[in-house]
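Next come the chains, spelled out residue by residue.
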Amino acid sequence: MVNAYLDIGIQSRMNRIISPKDNRVVMLAIDHPYFQGPTTGLRDMSGTIRTLLPYCDCLMTTRGAVQSNISPGDLGSKPIMLRVSGGNSVLFEDLSDERLTVTIKEAIRMDAAGVAVSVFIGSSNQQRTILNLTDMINYSGEYGIPVLAVTAVGKDMARDLRYLALASRICQDAGARIIKTYYCEEFSKLVDWVAPTAVVVAGGKYSSPPDALGMAWNSVQAGAAGVDFGRNIFQDENPVGMIKAINAIVHGDHTVKEALDIYNDCLPGARKLE
Ligand code: 5RP
């Protein structure tokens, strides 16, 4: 049985990230420049963050993004999931060679509600990245800060149940409190494998509002705690409509059709997506 007293800091921060009302979360991922530099949709990163922040439960981002783009006034009490791994760029084929990039002291100084570490299971840097995760879990556990594990995949790896469940289960055993992974067929089996650890789904490359909303709906219906979408929100022509529609799916169990109506209500002019 878990000692609730020892876990109270973790639990309180988890409650800031994942709403205890419905155990769901809309996390907004704006951490892409840490490895890809200038990113479509983030030319005015501070404007994008300011516009979308009111509609997310938690912002996943980097130290530099917070320093350069977010004023304390705009942030208010919105929790930050701080990315603390990195060290590579898209100029290399293999993105897996990451290290820890932010100290736990810095995460505390920034009042991070949680910290995020990528693991590249099956890659040439599998061991290093799993040890990045366990090191950060050891450091942050001392201060009651939960760790989100990002099951990043290499270019050649299949995003199927076998691989994603394997990667997610390893992250759970390492001690991650939240697992970020990709949606796949039979996703409920992955969620079952790692229960009761919370699972959030990454959006991946920009697709289209119906496809991205469909993925959000399938994910929560399969038992995910929510989504951690980036490009499918901030690269859309109607980012506010998109994040409002995602909120309706995640927190309101709205159907994709109902969510698209919310999206369309925010589209300028008389245009509508079906
Ligand atoms: C990269 C990340 C990104 O935050 C993640 O890919 C989410 O963004 P998107 O929805 O654009 O895929 O963790 O490793």
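On a predicted model such as this, the values are computed, not experimentally measured, just so you know. (Residues numbered from 1 in each chain as written. Predicted model: local features only at pLDDT ≥ 70, side-chain atom pairs only at ≥ 80, totals over all residues. Heavy atoms only, no water.)

K.L.:
What's the story with the site of the ligand in this structure? I'm lost.
P.N.:
Inspection of the region around the ligand gives 13 residues, with Asp31, His32, Gly204, Gly230 and Arg231 positioned closest. At a separation of 2.6 Å, an oxygen atom of the ligand approaches a polar side-chain atom of Asp31. Here an oxygen atom of the ligand and a side-chain polar atom of Arg83 are 3.1 Å apart. For the ligand, whose free accessible area comes to 370 Å², the fraction covered by protein is 94%. Looking at the shell around the ligand residue by residue, the classes come out as four nonpolar, four polar and five charged. (Near = heavy atom within 4 Å. Polar contact = N/O pair within 3.5 Å; in protein donor to acceptor, adjacent residues only side chain to side chain. Areas by Shrake-Rupley, 256 points an atom, 1.4 Å probe, with all protein chains shown as cover. Nonpolar A, V, L, I, M, F, W, Y, C, P; charged D, E, K, R; others polar.)

K.L.:
Help me understand unusual backbone geometry in this model?
P.N.:
At the junction of Ala195 and Pro196, the peptide bond is cis and its omega measures out at 5° in the coordinates. By the element assignment, Pro196 lies in the loop between helix H9 (187–194) and strand E9 (198–202). At Asp111, a position not held by glycine, the phi torsion is positive, near 60°. Residue placement: Asp111 occurs in the loop between helix H6 (104–109) and strand E6 (114–119). Taking the relative accessible area as the measure of exposure, Asp111 reaches 47% and is therefore partly exposed. Of note, Asp253 is a non-glycine position whose phi angle comes to about 50°, a positive value. Relative to the helices and strands, Asp253 is located in the loop between helix H12 (239–252) and helix H13 (256–265). The class of Asp253 is partly exposed, set by a relative accessible area of 40%. (Helix = DSSP H or I, 4+ residues; strand = E, 2+ residues; numbered from the N terminus. Buried < 20%, exposed > 50% of the residue type's maximum accessible area, 1.4 Å probe, protein only.)

K.L.:
Please explain the pattern of salt bridges as it appears in this structure.
P.N.:
Side chains that differ in sign of charge can pair as their charged atoms come close. Counted by the stated rule, this structure contains twelve salt bridges. Here Arg177 makes a salt bridge to Asp7, at a shortest N to O gap of 3.4 Å. Separated by 170 residues along the polypeptide, Arg177 in the loop between helix H8 (161–174) and strand E8 (178–181) and Asp7 in the segment before helix H1 (8–17) bring together distant segments of the chain. Overall, Arg177 belongs to the partly exposed group, its relative accessible area being 30%. Its salt-bridge partner being Asp228, residue Lys180 comes within 2.9 Å of it at the nearest N-O pair. Taken as a pair, Lys180 in strand E8 and Asp228 in strand E10 (residues 226–229) lie far apart in primary sequence, 48 residues in all. As far as burial versus exposure is concerned, Lys180 and Asp228 are alike and both buried. Taken together, the salt bridges that share partners define one network made up of Arg63, Glu106 and Arg109. (Salt bridge = Lys/Arg side-chain N within 4 Å of Asp/Glu carboxyl O.)

K.L.:
Can you help me understand a nonpolar patch on the surface in this one?
P.N.:
A cluster of nonpolar side chains, Val90, Leu91 and Phe92, forms an exposed patch at the surface whose accessible area comes to about 370 Å². Mapped onto the fold, Val90 is located in the loop between strand E4 (85–86) and strand E5 (99–100). Residue Val90 is classed as partly exposed on the basis of its relative accessible area, which comes to 45%. (Patch = residues over 30% accessible without salt bridge, like charges linked within 9 Å, V, L, I, M, F, W, Y side chains within 5 Å.)

K.L.:
Would you mind going over the sheet that holds strand E1 (residues 25–30) with me for this structure?
P.N.:
Strands pair in a sheet through their backbones, by hydrogen bonds, and they do so in one of two ways: parallel or antiparallel. The eight strands lie next to each other as E1-E2-E3-E6-E7-E8-E9-E10, forming a closed barrel whose pairing is parallel. Strand-to-strand twist across the sheet, computed as the mean angle between neighbouring axes with direction ignored, equals 25°. Alignment of E8 against E9, held across four bridges, turns out to be parallel. Residue pairing for E9: Ile178 is matched across the bridge by Ala198. (Pairing = 2+ DSSP bridges. Axes fitted to C-alpha atoms, helices over the stretch in contact; angles between N-to-C directions.)

K.L.:
Before we go on, may I ask you to explain H9 in this structure?
P.N.:
An α-helical turn contains 3.6 residues, so a residue and the one three or four places further along point in the same direction. Looking only at H9, the buried set comprises Phe187, Leu190, Val191 and Val194. Along the axis of H9, the buried residues cluster in a sector spanning 100°; they form a single face. The exposed set on the far side of H9, more than 90 degrees from its buried face, consists of Asp192 and Trp193. Structurally, H9 contributes buried residues whose contacts are with H8, E8, E9 and helix H10 (209–221). (Arc of directions from axis to C-beta. Contact = heavy atoms within 4.5 Å.)

K.L.:
Could you clarify how one ought to interpret the packing of aromatic side chains in this entry?
P.N.:
Between two aromatic rings, the relevant description is the distance of the centres plus the angle of the planes. Per the stated rule, a full pass over the model turns up two aromatic pairs. Where Tyr34 meets Phe35, the ring centres are 5.0 Å apart and the plane angle is 65°; that geometry is what we call edge-to-face. According to the relative accessible area criterion, Tyr34 is partly exposed, its value standing at 22%. A centroid spacing of 5.2 Å and a plane angle of 40° characterise the contact between Tyr183 and Phe187, whose relative ring orientation is tilted. For Tyr183, a relative accessible area of 27% gives the class partly exposed. We note Arg159 situated over the ring of Tyr182; from NZ or CZ to the ring centre the distance is 3.8 Å. (Phe/Tyr/Trp six-rings, centres within 6.5 Å; stacked < 30°, edge-to-face > 60°. Lys NZ or Arg CZ within 6 Å of the ring centre and 35° of its normal.)

From the geometry alone we can't say anything about function, so treat these as descriptive.
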